[in-house]
Amino acid sequence: MAFARKKIPAARLIKGLQKLYPEAHCELDFKTPFQLLVATILSAQCTDKRVNMVTPELFRRFPDAAAMSIAKPKQIESLIKSTGFFRNKTKNILGAARVLMEDFDGKVPETMDELLTLPGVARKTANVVLGTAFGKNEGFVVDTHIARLSQRLGLTKEVDPVKIERDLCAQLPRDQWSEIGHRLIWHGRRVCYARNPECIACALAPDCPSAGKV
Ligand code: SF4
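What this report covers is the structure whose coordinates are included nearby. If you're wondering where the values come from, they're calculated on a predicted model, not measured in any experiment.

The ligand sits among Arg 152, Leu 153, His 187, Cys 192, Pro 197, Cys 199, Cys 202, Ala 205, Cys 208, Ala 211 and Val 214. Among the cavities detected, the one that contains the ligand is the largest cavity. Partitioning the shell around the ligand into residue classes produces nine nonpolar, one polar and one charged.

The geometry of two aromatic rings is summed up by the distance between their centres and the angle between their planes. In total, this model carries one aromatic pair according to the counting rule given. With a centroid separation of 6.2 Å and an interplanar angle of 65°, the aromatic rings of Tyr 21 and Trp 186 are classed as edge-to-face. One end of the pair, Tyr 21, is in the loop between α1 (10-20) and α2 (33-42); the other, Trp 186, is in helix α11 (residues 177-190), and 165 residues separate them in sequence. The pair formed by Tyr 21 and Trp 186 is uniform in burial state, with each residue classed as buried.

The next subject is the packing of α2 against helix α8 (residues 123-134). Helices that pack against each other are described as a pair by the angle of their axes relative to one another and the distance between those axes. At their nearest, the axes of α2 and α8 sit 10 Å apart, and the two run at 145° to each other. Crossing of α2 over α8 shows right-handed handedness. Of the residues in α8, those touching α2 at Pro 33, Leu 36, Leu 37, Thr 40 and Ile 41 are Thr 125, Val 128, Val 129, Thr 132, Ala 133 and Phe 134.

Cut-off values and rules
Residues numbered from 1 in each chain as written. Predicted model: local features only at pLDDT ≥ 70, side-chain atom pairs only at ≥ 80, totals over all residues. Heavy atoms only, no water. Near = heavy atom within 4 Å. 1 Å grid on protein atoms, 1.4 Å probe; cavity = no way out; pocket = protein on both sides within 12 Å on 5 of 7 lines; lining within 4 Å. Sits in = over half its atoms within 2 Å of the grid points. Nonpolar A, V, L, I, M, F, W, Y, C, P; charged D, E, K, R; others polar. Phe/Tyr/Trp six-rings, centres within 6.5 Å; stacked < 30°, edge-to-face > 60°. Helix = DSSP H or I, 4+ residues; strand = E, 2+ residues; numbered from the N terminus. Buried < 20%, exposed > 50% of the residue type's maximum accessible area, 1.4 Å probe, protein only. Axes fitted to C-alpha atoms, helices over the stretch in contact; angles between N-to-C directions. Left-handed = near helix turned anticlockwise from the far one by under 90°. Contact = heavy atoms within 4.5 Å.

Put into structure tokens, the structure is as follows:
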């Protein structure tokens, strides 16, 4: 795709998204930071809807790091199979639960550096947990929707998530990173699709440098 030449003014983007999705929130179901961590690991290459179908039974049987850390891989695999890449996800979930028990008293840590020591946790997952479970804006979540929208809106020319995150953090107010992230994801899921975005119906179109060009 051709990158946009101009960029949407940040203040107008923030206002527009706020108006469109005042109630935007994380669409994964969870009751604790640990459950959000697991749900986010499961959401790789999978829809939140699908993840929310498997987590009720998974969390009923293994609600916290203590229970999860002694689960057998086969038990987890059979419960999460439909989310895809289930062997690798099982390895990461069990590994994370064990590290939480060994190094963090079974609690999910609240810093980026500590979260990154958990198996299967990279910056995206860590940012989801920090922003949504703890209300801490240490970084900006960059998932597939946010990467795509950031490029289309002219907020970045990068494709590497770490560089996209750097660009977003530089342009958007830190105290709103988490809520802006949720709103961008909602817009990506409801209007600015990967294929055939609905520019004609998009409220951001007047300011979007990619309107009608994708
Ligand atoms: S739907 Fe079109 S106009 Fe709206 S943000 Fe996406 S590319 Fe821009």
